[in-house]
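Architecture and fold: a report
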Amino acid sequence: MNREYIEHYSGHLNRNMHMLVYGWTGVPVIAFPCQDGMCDNWEAFNMPGVLSDYIDSGAIQLFVVDTVDTESWSDTNGDKGHRAWMQEMYVQYIVNEAVPYVRWKNGTGKLPIVTGFSLGANHALITFLRRPELFSGCCALSGCYDTAYFWGGWSNEVLYQSSPLAFIPQMAWDHPYINLYNQKRLIVCVGQGAWEDEGIRTSRILKDQFDAKGIHAWVDFWGYDVNHDWPWWYKQIRYFMPYLLETANG
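Our subject in this report is the structure included herewith. Counting restarts for each chain: residues are numbered from 1 in the order of the written sequence. Only residues with pLDDT of 70 or above have their local features reported here, since the model is predicted, and side-chain atom pairs are shown and tallied only from 80 upward, although totals for entire chains, interfaces and linings are computed over all residues. Note that the side-chain values use all heavy atoms of the structure and ignore hydrogens as well as water.

**Focus: the packing of aromatic side chains**
Classification of ring pairs rests on two measures: the distance between centres of Phe, Tyr or Trp rings, Trp counted by its six-membered ring, which must be within 6.5 Å, and the angle between planes, read as stacked under 30 degrees, edge-to-face over 60 and tilted in between. Counted under the stated rule, the structure contains 21 aromatic pairs. Taking 5.1 Å as the distance between ring centres and 15° as the angle between the ring planes, the aromatic pair formed by F117 and W233 counts as stacked. Taken together, the residues F117 in strand β5 (residues 113-117) and W233 in helix α11 (residues 230-248) connect sequence positions 116 residues apart. A relative accessible area of 2% means that W233 is categorised as buried. A centroid spacing of 6.2 Å and a plane angle of 45° characterise the contact between W222 and F240, whose relative ring orientation is tilted. A helix here means a DSSP run of H or I that spans at least four residues, while a strand means a run of E at least two residues long, and both kinds are numbered starting from the N terminus. The rule is simple: take the accessible area with a 1.4 Å probe, protein chains only, and divide by the maximum for that residue type; under 20% is buried, over 50% is exposed, in between is partly exposed.

Encoded structure:
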């Protein structure tokens, strides 16, 4: 498997950021690590190996990015305003710096898919919902999409922009993004086993909100034996990948 380590400077975050790239061509897939993880997170749990047939055949090219979670979502004792600002700068880094680099590096002209597990699912969903024109699809697995859970109920205008449970209900019924969402593949999936309580709760809220706005998302609840853990994410991402690639290759 072709593997490349990338380091590049982010003007939004004022630091060097990193990616691990697997494969040589195909639909670009931007993958977010689990909470506090960096670009080696997926490799540490052998996810590139799980997807090796897609990668080696040129069906997908996988780009795993860094996070700044320790300064935003996870910094529970930090200044809340600063944490919200760091999350916003991370979104700006992804859409204005990482995505253009991925598209240049990939060279196929195809729009990326975004995906992630646990807190990585939050990043994938937030990024997709805010800038759907940049992506062909989103696969968010086992996320907890309520910023109040991480920020202790606090919010401001900056954090609101990373709060789907807040901004989806406020979206006008004729907002142009709704039509864009419905041209893409939007998947939110959660198991109903161990450590999935908040994922179940917030995914149900999202489903109701999507239905109310006419957003055609696939919100999927797997069985009571399906835990918040890598072995199930292996199965889920392989299950959804053919569906995601249908639109990405269209």
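Next comes the rest of the account.
**Some thoughts on the packing of helix α4 (residues 80-106) against helix α5 (residues 119-130)**
As a packed pair, α4 and α5 sit with axes 11 Å apart at the nearest point and diverge in direction by 65°. If you check the angle between α4 and α5, you find them roughly perpendicular. Remark: the crossing between α4 and α5 carries right-handed chirality. Along its contact with α4, which presents Q87, E88, Y90, V91, Q92, I94 and V95, the element α5 presents H123, I126, T127 and R130. Three residue categories are used. Nonpolar comprises Ala, Val, Leu, Ile, Met, Phe, Trp, Tyr, Cys and Pro, charged comprises Asp, Glu, Lys and Arg, and polar comprises the others, including Gly. Residue composition of the contact of α4 with α5, grouped by class: 5 nonpolar, 4 polar and 2 charged. A fitted line through C-alpha atoms represents every axis, and for helices the fit uses only the stretch in contact; the resulting angles, taken between N-to-C directions, go from 0 to 180 degrees. Roughly parallel here means an angle under 35 degrees, roughly antiparallel means over 145, roughly perpendicular means 65 to 115, and every remaining angle is called oblique. Crossings are assigned a handedness: left-handed for a near helix turned anticlockwise from the far helix by less than a right angle, right-handed for a clockwise turn. The criterion used for residue contact is that any of the two residues' heavy atoms lie within 4.5 Å.

**Overview of the layout of surface pockets**
The rule is simple: put a 1 Å grid over the protein atoms alone, call a set of points where a 1.4 Å probe fits but cannot get out a cavity, call an open set with protein on both sides within 12 Å along at least five of seven lines a pocket, and count a residue as lining if it has an atom within 4 Å of a point. Grid points are joined across faces, edges and corners, and a volume is the space filled by probe spheres set on the points. By volume, the largest pocket amounts to about 230 Å³. Where the lining of the largest pocket is concerned, the elements lending two or more residues are α6 (147-151) and α10 (197-213). For the lining of the largest pocket, the class distribution of residues is 5 nonpolar, 6 polar and 3 charged. L129, R130, Y160, Q161, F167, Q170, M171, A172, H175, Y177 and Y181 are the residues that line the second largest pocket. Of all the elements in the fold, those that place two or more residues in the lining of the second largest pocket are α5, α8 (164-170) and α9 (176-181). Grouping the amino acids of the lining of the second largest pocket by side-chain chemistry returns 7 nonpolar, 3 polar and 1 charged.

**Some remarks on the nonpolar core**
Among the nonpolar cores identified, the biggest contains 43 residues, and M19, Y90, L125, L129 and F210 are the most heavily contacted of them. The element contributing the most residues to this core is α4, with 10 residues. Excluding its chain neighbours within four sequence positions, the residues that come into contact with F210 are L129, I168, L186, V188, I215, A217 and V219. Buried Ala, Val, Leu, Ile, Met, Phe, Trp, Tyr and Cys residues form a nonpolar core when they are joined through side-chain atoms within 4.5 Å. In this structure, I55, I60, W230 and A248 belong to the second largest nonpolar core, which totals 33 residues.

**Things to note about the sheet that holds strand β4 (residues 60-65)**
A pair of strands counts as paired when DSSP detects no fewer than two bridges linking them. Here we have 8 strands laid out as an open sheet, ordered β1-β2-β4-β3-β5-β6-β7-β8, and mixed in their pairing. Looking along the sheet, the strands with just one partner apiece sit at the ends: β1 (3-10) and β8 (218-221). The average angle at which neighbouring strand axes cross in this sheet is 20°, direction not considered. Where strand β7 (residues 185-190) lies against β8, 4 bridges are found, and the strand directions are parallel. From the neighbouring strand, V188 faces β8, where its bridge partner is V219. The sheet contacts of α10 involve β7 and β8, and relative to β8 the element is tilted by about 150°.

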